[in-house]
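Coordinate inspection notes
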Amino acid sequence: MTKLKEAKEEAEREIAEFRAQMDVAFQRKVAESSGDSGANVKRLEQETEGKIHHLKTEATGISHSVVQMLLRQVTTVKN
């Protein structure tokens, strides 16, 4: 019975050590990923601004032809 108790206590110690190691590794990963969030936010803002600028440029380039097409459709009389 004593050997069984000792084995159980040793297993519990090993489990506690393993959990502590995993917790340390998890906390390290969380710290690493949260440290990068500022850089990610900045990168995403730059990408978004670039896409908005691209869309505005494209819209400016085709707005005249869209207006002309709409005017043609509105002013054309069909029987």
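Calculation criteria
- Residues numbered from 1 in each chain as written.
- Predicted model: local features only at pLDDT ≥ 70, side-chain atom pairs only at ≥ 80, totals over all residues.
- Heavy atoms only, no water.
- Helix = DSSP H or I, 4+ residues; strand = E, 2+ residues; numbered from the N terminus.
- Rg over C-alpha atoms; globule rule 2.2 N^0.38 Å.
- Buried < 20%, exposed > 50% of the residue type's maximum accessible area, 1.4 Å probe, protein only.
- Areas by Shrake-Rupley, 256 points an atom, 1.4 Å probe, with all protein chains shown as cover.
- Lys, Arg positive; Asp, Glu negative; His and termini not counted.
- Charge placed at Lys NZ, Arg CZ, Asp CG, Glu CD.
- Patch = residues over 30% accessible without salt bridge, like charges linked within 9 Å, V, L, I, M, F, W, Y side chains within 5 Å.
- Salt bridge = Lys/Arg side-chain N within 4 Å of Asp/Glu carboxyl O.

1. Considerations on the overall build of the chain
Helix and strand content of the chain: two helices and zero strands. Against the globule reference of 12 Å for 79 residues, the chain gives a C-alpha radius of gyration of 32 Å, more extended than a compact globule. Its C-alpha atoms give the chain principal-axis dimensions of roughly 100 × 35 × 10 Å. Residue burial in the chain is summarised as follows: out of 79 residues, 0% are buried. Surface summary for the chain: the accessible area is close to 7,700 Å², and the carbon and sulfur share equals 60%. Across the chain, the centroid of the 13 positively charged side chains sits 9 Å from that of the 13 negatively charged ones.

2. Observations regarding a nonpolar patch on the surface
A grouping of I62, V66, M69 and L70 is seen on the molecular surface, where their side chains present a nonpolar patch of about 340 Å² in accessible area. Among the structural elements, L70 can be located in helix α2 (residues 37–75). Looking at L70, the relative accessible area reads 47%, which means it is partly exposed.

3. Looking at the environment of G61
Checked against the element boundaries, G61 lands in helix α2. Linking G61 and E14, residues 47 residues apart in sequence, is a C-alpha distance of 68 Å.

4. Quick notes on a negative patch on the surface
Side chains of E6, E9, E10, E12, E14 and E17 sit close together on the surface and give a patch of like negative charge. In this structure, E10 sits in helix α1 (residues 2–35). Its relative accessible area of 41% is what places E10 among the partly exposed residues.

5. Comments concerning the environment of T48
Inspection of the secondary structure assignment puts T48 in helix α2. It is 34 Å that separates the C-alpha atoms of T48 and A25, two residues lying 23 residues apart in sequence.

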